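Residue strings, one per chain:
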Amino acid sequence: MSVIRCDNEALRLENVCYHYGSADAPINILTNISLCIARGETCAITGPSGAGKSTLMHLIGLLERPRAGNLFIAGQETSHASANVRAQLRNEHIGFIFQAFNLLPRLTTLENVALPLLYRGEKKRAALLKAADWLDQVGLAERVHHRPSELSGGQCQRVAIARALCGNPSLLLADEPTGNLDDETGNKIVEVLLEKNRTHRTTLVIVTHDKVLASRMNRQFYVTNGGIQE
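No experiment lies behind these values; they were computed from the predicted model shown.

Colleague: Looking at this model, I keep getting lost on the nonpolar core. Mind explaining?
Modeller: One broad trend across soluble globular proteins is that nonpolar side chains are buried collectively. If you look at the biggest cluster of nonpolar residues, it comprises 37 residues, and the most contacted ones within it are Leu 135 and Leu 193. Looking at this core, the elements that each hand over two or more residues are helix H3 (109–119), helix H4 (124–137), helix H5 (153–166), strand E7 (171–175), helix H6 (183–200), strand E8 (203–207) and helix H7 (211–215). Counting 29 residues, the second largest nonpolar core, distinct from the first, contains Ile 29, Ile 37, Leu 89 and Phe 221.

In structure tokens, the structure reads:
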């Protein structure tokens, strides 16, 4: 059994496995993944398409459960935690920038960004003010009352980034955060993410095919054939 530990850990995986299908005929995606990421580190997860990068992010983000092994967030084992505990950990500790945006179509950009704060029980006025500030930081101050259908793909990506940052997460997970952005906007967004890391010690884990972006992270992990190497 492989156990890797680090000081002041933000997350830790011990022999985590994930497969689709039945136990009798599994389609293995990840096998015995063990890693530890300390608070405040920046990490890139790279590898070929279909290797399991997004699956790994969904496991870390508590959107999926491992089929075997243990996963710790902020020192708490989550693999066998109840749905309510996992939801609370997601809301309090994790910001997730989805590749598919996952914006609610009936809400304005301002309301979408404020949603995690409202779920947390924050007063609506305070939540909307914070949301407006983050939309300004990602260059969408003039789009606060637009709905997702009225935005371009790149603008929707920036709304998703503002929503992930608005809750001040200790762990920020980003699945191809610059994939829908032009180079100039993408570079500005990366600076926003890195500034968040520097000022708040936010742990940043990014899935990316961009080698230049990956090289800016403290650590790089390569996922292939169900395994991972640093």
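Once you've had a look at it, read on.
Colleague: For this particular structure, what's the right way to read the state of the cysteines?
Modeller: By definition, a disulfide links the sulfur atoms of two cysteine residues through a covalent bond. Here the structure, examined in full by the defined rule, presents 1 disulfide. There is a disulfide in this structure between Cys 6 and Cys 36, and the S-S distance comes to 2.2 Å. Disulfide Cys 6 to Cys 36: torsion about the S-S bond roughly -70°, handedness left-handed. With Cys 6 in the segment before strand E1 (9–20) and Cys 36 in strand E2 (residues 27–38), this pair connects stretches of sequence that are 30 residues apart. Residue Cys 36 is classed as buried on the basis of its relative accessible area of 4%.

Colleague: Which parts of the structure should I look at to understand the sheet that holds E7?
Modeller: Backbone-to-backbone hydrogen bonds join strands into a sheet, with any given pair of strands oriented parallel or antiparallel. The mixed open sheet is built from 6 strands, whose spatial order is E6-E7-E8-E3-E9-E10. What marks the edges here is a single partner per strand, and that holds for strand E6 (94–97) and strand E10 (227–229). When the angles between neighbouring strand axes are averaged without regard to direction, this sheet yields 20°. Summarising the sheet, strand E3 (residues 42–46) and E8 pair through 4 bridges and their orientation is parallel. Residue pairing in the sheet places Cys 43 in a bridge with Val 205 of E8. Along the sheet face, helix H2 (residues 83–93) touches E6 and E7 and points at about 80° away from the line of E6. Packing against the sheet, H5 makes contact with E6 and E7, and its axis sits at approximately 175° to E6.

Colleague: Hey, could you run me through the packing of aromatic side chains in this one?
Modeller: Two aromatic rings are characterised by how far apart their centres lie and by the angle between their planes. In total, this model carries 2 aromatic pairs according to the counting rule given. Relative to Tyr 20, the ring of Tyr 18 lies with its centre 5.4 Å away and its plane at 90°, an arrangement referred to as edge-to-face. For Tyr 18, a relative accessible area of 3% corresponds to the buried category. When its relative accessible area of 39% is taken as the criterion, Tyr 20 is described as partly exposed. An angle of 0° between the planes, with centres 4.4 Å apart, marks the rings of Phe 96 and Phe 98 as stacked.

What counts, and where the lines are drawn
Think of each chain on its own: its residues are numbered from 1, step by step along the sequence as written. Totals for whole chains, interfaces and linings use every residue, but because this is a predicted model, local features are given only for residues with pLDDT of at least 70 and side-chain atom pairs only at 80 or more, for both listing and counting. Calculated side-chain values reflect all of the structure's heavy atoms, with hydrogen atoms and water omitted. Here, nonpolar core refers to any group of buried Ala, Val, Leu, Ile, Met, Phe, Trp, Tyr and Cys residues whose side-chain atoms link them within 4.5 Å. Each residue is placed in one exposure class: buried if its accessible area under a 1.4 Å probe, protein chains only, is under 20% of its type's maximum, exposed if it is over 50%, and partly exposed if it falls in between. By the criteria applied, helices consist of DSSP H or I runs no shorter than four residues and strands consist of E runs no shorter than two, each listed in order from the N terminus. When the sulfur atoms of two cysteines come within 2.5 Å, that pair is taken as a disulfide. In this description, strands pair whenever DSSP reports at least two bridges between them. Angular values range over 0 to 180 degrees, each being the angle between N-to-C directions of two axes fitted as lines to C-alpha atoms, with helices fitted over their stretch in contact. Contact definition: two residues touch when any of their heavy atoms are within 4.5 Å. Any Phe, Tyr or Trp ring, taking Trp's six-membered ring, that has another such ring centre within 6.5 Å forms a pair; planes under 30 degrees apart are called stacked, those over 60 apart edge-to-face, and the others tilted.

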